[in-house]
Protein chains: 2
Amino acid sequence: MKLSRFLPVLAWLPQYDRSTLSRDLLAAVIVTVMLIPQSLAYAMLAGLPPQVGLYASMLPLVLYAVFGSSRTLSVGPVAVSSLMTAAALGKLFEPGSGEYIAGAVLLAVMSGLMLVLMGVFRLGFLANFLSHPVISGFITASGLVIAASQLKHLLGVSNGGHNLLALVGGLYEQLGDVHGPTLAIGAGALVFLLAARRYLQPLLVRLGLAPSTAGMLSKTAPILAVVVTTLVTWGLRLDQAGVAVVGDIPGGLPALVMPSLEMSLWQQLAMSALLISIVGFVESVSVGQTLAAKRRQRIDPDQELVGLGAANLGAGFSGGMPVTGGFSRSVVNFDAGAETPAASAFTAVGIALATLLLTPAIAMLPVATLAATIIVAVISLIDLPALVRTWRYSRADFLAMLATILLTLSYSVEAGIMAGVGLSIGLFLYRTSRPHSAVVGRVPGTEHFRNVCRHEVETRPEMAMLRVDESLYFANARFLEDRVLELVSARPELSNVVLVCPAVNLIDASALESLEAINERLADSGVRLHLSEVKGPVMDRLQGTSFLERLTGQVYLTSFQAWQALSGSAAHPGGTPGSGVPAEQVLAGDVSKNP
Amino acid sequence: MKLSRFLPVLAWLPQYDRSTLSRDLLAAVIVTVMLIPQSLAYAMLAGLPPQVGLYASMLPLVLYAVFGSSRTLSVGPVAVSSLMTAAALGKLFEPGSGEYIAGAVLLAVMSGLMLVLMGVFRLGFLANFLSHPVISGFITASGLVIAASQLKHLLGVSNGGHNLLALVGGLYEQLGDVHGPTLAIGAGALVFLLAARRYLQPLLVRLGLAPSTAGMLSKTAPILAVVVTTLVTWGLRLDQAGVAVVGDIPGGLPALVMPSLEMSLWQQLAMSALLISIVGFVESVSVGQTLAAKRRQRIDPDQELVGLGAANLGAGFSGGMPVTGGFSRSVVNFDAGAETPAASAFTAVGIALATLLLTPAIAMLPVATLAATIIVAVISLIDLPALVRTWRYSRADFLAMLATILLTLSYSVEAGIMAGVGLSIGLFLYRTSRPHSAVVGRVPGTEHFRNVCRHEVETRPEMAMLRVDESLYFANARFLEDRVLELVSARPELSNVVLVCPAVNLIDASALESLEAINERLADSGVRLHLSEVKGPVMDRLQGTSFLERLTGQVYLTSFQAWQALSGSAAHPGGTPGSGVPAEQVLAGDVSKNP
């Protein structure tokens, strides 16, 4: 049982039976047909020879099947990782050169190592710092950049660049060089694929297929486009008319590749590898969780790191490129009925067969077809209305999203992510440094206390109950001092101040000093300071400090007890200042049994 | 009234009278006597000629008197800023060279500009990110580095370096070169100053002086050490025997100095100037607030930025060095009875007179005496037991403090501060990314709900009330999903889950998506999701979203209402799922009047 946690394959392989086999095999056939053009296309997007995409679709799938915790995730080359690979390597080497290919291998190996290490040290939570709006903005912007980068293949011109401005500017200059036959094939494939996406499923349903079968089959349209355009190119000898084709690629399975051990290259690629790892991990986990939830399964994020890490190490050592779990392929795999990761292993076999048998045919495949495949795949990722939805809900999230989009489009994918993460964290810290606080009063007839400005509540002139809506820590410690002293100076009749603490999840050393200062200054003005609704973990810490001894008032379990004890009497019922056991201790019962 | 906020001098100057004048004058005389040796010593500590310290003690004091909001802060050269100045310039130039002095001028001007800009844009809150433990650790480590850096002057050897390792290592190598007469003077001054600190006040009290007068007079011991050692050096011609003396310094008042406009130098010094500004600001504000509170006055942190900025601009343009409000001098100024910033202006006049009249005498002042002055001043800043206190209260704060101390000692003051701030923020984010949460139940006989593991509370098998002790934002959004689904899978009999939200101060876009996912997944399992105690500002945001429409349960104003409505009935009293106006709206009364 324990071992199967670290080697998820042990959880399903012993129960493997014939019916599972048949479902997994069917799913594998469909995913293989989908993966062949995708692996070629994403290798091209990454600036790599087409066989690299095929290599990255064999060993990684087998390794993920052994180590990964998702039953249905389809691992392999994906659009965003390919774009990030191109951006990382394009700065350093000539695309397609030997160094460039070695760089892709190293990126995969480094990503693999980083992911495995993050898994071993249970650092999966780091991915949480990529907020939804940042991811969404990044994917949208990446989709735009990827689509723009493929236009040159559709138009038959040469053009480079890793951001939208450079790409669009370059295209504009070369509009005169557009190659007619290439455009015809590319535009034809594009229109076919877009039409297939919208109309093929309904058409197949009308022809009598079950909707789910029709949906799956419609996802295999790219292979049809590949076959038809390859045949047309071959039949009309369009390659001799200047249509770019994939060309001869080495047949046979990949050999073992040793990654470069050059230290300076590792340093140059480290940040890129980290970002590729984290973005890939986030994409995989969100797909994996969505699919797992549909079948009431769970995935273990830390084990996912190990599984994806193993897959990337496999990709690197077999001459591939960085891989991760792709959204559309995983959904097809799931819908096609894959029950275990064996489906992925069978897919790997399918790709291996294709590599052995089909490479001669692939030579005549037009590059424009692959470009059309990529464009159609990424168009669905672009979600600009999300900007409007986010703006409506939260200005801070909108700013982070916008910064991510703008920097990804205008500068680079890495700058976009880092700006988004930095801004998200900065805005969160800014917000917590100026917390909301409210003077509260009793909701009549209840033991509940709410903001005096929002609700009709009872208050008493000689006591103020202040609820601070944030953990008390260094960034807002001084704010609390200001807020309390302001309150007391505005209401000279006050004799008791109660800090209502249900939202205080932490009091750090800086805030503790502020509380001590507040207690002393209030004491000088003849005002007693009390706390109420201090939560267990916070109280545990305060117990050991001198603050509780010096506190002029009491710690009440509930605000209502504070209200009753302090109501209207100047005689301080409930004990003299600083004396007696704090109420929390009296009422808490079995304190500290479980923090 | 409005203008006096931006020009605090207008608040006190119109009421200035003779009795205030006499008290301010007395304080000015005492502070001047204290400031003369300090300004010379801190200039030396900064690697600058002694007159630079005097220049920085004239115009800045007058400008702070006009623009600063503290009545009693004594601005001028201080130990930590001087050390930071030396660290910043020592990397670039030869100490004492023309470029080095121009660098100090530029640092003062840049700090001044930054402080004024921060004040104008009300960015004083940035200083809050320097937590108490980081400041305390930084001051302690700086004190150790400063003391070590002065040992060479006491021993009469040459030695450099900006961290403890380099300084101690350098000293060890040169122990054979110790200069006897220098050591005699230095050690004598050191012993005298240490003895004066401990015994002078009690002695003066026993001689019949009032304790406060005795306290102030004991603070002027350094001037006695200066006078005596200068006379001894002059009388015995010790300068010809190799005792280092201050030497001839230009008499007369400072001339207007134009700072360098070399862009590359501005860039090189920008980070140093920013850190000097922020550290100086934090030191000033904490001294200023402590003193102001004693007289029931307030200081305005944003106006303090302007005041300190003006002072630093004044320091730069009059050939000085970065200045800030010093702790010991400000306390002496306060205790001596200073009532208004006029005392500082009079101190400036005193320093100007000293500069005009005393420079010939200062020439024979031994450097060892100044070193002894500095060592005694910084020893009181070193607070190593704070490490133990912090360790006991909070491991996170301890780590930040330790990192600050170790990096300041072993590497540089700037690295120490940045590591401390970075680690504080990182640990805070880490903590909020894994929030505490508790299943709560009803404290019997009350409307209050507490952790079932800590308190004897009532619960019901078919409903779970989960209190999440943190704002819900991107870093913990996935955690919440895991926590709720884990709870539901562990208790199959559940039909209602209430998220108790008094500690939720923010729900950002990522967390909103998580809540939507939770709501859907619970609905699939036949469990309804409810919220209770959602605070006003959080509810305001949720109002506009589709989440509230899709929510299978209700939003209750109080947890007790949720408890009553959901208790034991499978018939869902209080409305069918998703229908009806959420309770919050019904009960809130005048919602949104005041967020």
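Residues numbered from 1 in each chain as written. Chains lettered and ligands numbered in written order. Predicted model: local features only at pLDDT ≥ 70, side-chain atom pairs only at ≥ 80, totals over all residues. Heavy atoms only, no water.

Participant: I keep staring at the sheet that holds strand S7 (residues 528-532) of chain B and nothing clicks. Help me out?
Facilitator: Note: strands within a sheet are paired through backbone hydrogen bonds, in either parallel or antiparallel orientation. All names here are of chain B. Read from one edge of the open sheet, six strands run S4-S3-S5-S6-S7-S8, paired in mixed fashion. At either end of the open sheet lies a strand with only one pairing partner, and these are strand S4 (449-451) and strand S8 (555-556). The pairing of S7 with S8 spans two bridges and is parallel. Across the sheet, residue serine 532 finds its bridge partner in S8, namely tyrosine 556. Each of strand S6 (496-500) and S7 touches helix H22 (residues 509-524); the most contacted strand, S7, lies at about 140° to it. The strands that helix H25 (residues 559-566) touches are strand S3 (437-442), S4, strand S5 (463-468), S6, S7 and S8; relative to S5, the one it contacts most, it runs at about 165°. (Pairing = 2+ DSSP bridges. Helix = DSSP H or I, 4+ residues; strand = E, 2+ residues; numbered from the N terminus. Contact = heavy atoms within 4.5 Å. Axes fitted to C-alpha atoms, helices over the stretch in contact; angles between N-to-C directions.)

Participant: So what exactly am I meant to see when it comes to the relation of the copies chain B and chain A here?
Facilitator: With an RMSD of 0.1 Å, chain B superimposes on chain A once it is rotated by 179° and translated 0.0 Å along the axis. This pairing of chains is accounted for by a two-fold axis. Residue B:Ala503 of chain B places its C-alpha closer to the rotation axis than any other residue of that unit, at 1.9 Å. Counting the interface residues of chain B, we find that 100% of their copies in chain A are interface residues as well, pointing to one common contact surface. (Least-squares fit on C-alpha atoms with pLDDT ≥ 70 in both.)

Participant: What's the story with the UniProt feature "domain: STAS" (unreviewed entry) in chain A in this structure? I'm lost.
Facilitator: Here the UniProt feature "domain: STAS" (unreviewed entry) sits at residues 453-566 of chain A. What you have in residues 453-566 of chain A is 47% helix and 16% strand, and the ends, taken at the C-alpha atoms, are 22 Å apart. (UniProt positions renumbered as here; feature names shortened; annotations may be inferred.)

Participant: Explain the interface of chain B and chain A here, please?
Facilitator: Interface size is commonly expressed as the accessible surface area that is lost when the partners come together. Each partner contributes to the interface: chain B provides 79 residues, whereas chain A provides 79 residues. Sorting the residues of chain B by area buried against chain A places B:Tyr393, B:Arg454 and B:Arg478 first, and these three jointly supply 13% of that buried surface. In this structure, the connection of chain B to chain A is made through four salt bridges. Where B:Arg454 meets A:Asp540, a salt bridge forms, and the shortest distance between an N and an O atom there is 2.6 Å. (Buried area = accessible area lost by both parts, 1.4 Å probe. Salt bridge = Lys/Arg side-chain N within 4 Å of Asp/Glu carboxyl O.)

Participant: Explanation requested: the domain arrangement of chain A in the structure shown.
Facilitator: Along its sequence, chain A is carved into domain 1 (17-159 + 168-383), domain 2 (384-433) and domain 3 (437-587). Each of domain 1 of chain A and domain 3 of chain A was reduced to a C-alpha centroid, and the two centroids are 58 Å apart. (Domains from an automatic or database assignment.)

Participant: Which parts of the structure should I look at to understand the pattern of salt bridges?
Facilitator: Oppositely charged side chains can form a pair if their charged atoms are brought close together. Using the criterion set out here, one finds 24 salt bridges over all chains in the structure. With a closest N to O distance of 2.8 Å, A:Arg467 and A:Asp469 form a salt bridge. The exposure classification of A:Arg467 matches that of A:Asp469, with both residues buried. Taken together, the salt bridges that share partners define one network made up of A:Arg467, A:Asp469 and B:Lys535. (Buried < 20%, exposed > 50% of the residue type's maximum accessible area, 1.4 Å probe, protein only.)

Participant: Help me out: how do you make sense of the side chain of A:Gln150 in this one?
Facilitator: Along the polypeptide, A:Gln150 turns up in helix H8 (residues 132-155). Side chain to side chain, A:Gln150 and A:Ser149 meet in a polar contact 3.1 Å long. (Polar contact = N/O pair within 3.5 Å; in protein donor to acceptor, adjacent residues only side chain to side chain.)

Participant: Explanation requested: the environment of B:Asp239 in the structure shown.
Facilitator: Residues and elements named next belong to chain B. Mapped onto the elements of the fold, aspartate 239 is located in the loop between helix H12 (221-236) and helix H13 (263-294). Judged by its relative accessible area of 25%, aspartate 239 is partly exposed. Spatially, the C-alpha atom of aspartate 239 lies 35 Å from that of serine 344, the residues being 105 residues apart in sequence. If near-sequence neighbours (up to four positions away) are discounted, aspartate 239 is found in contact with Thr233, Val245 and Met364.

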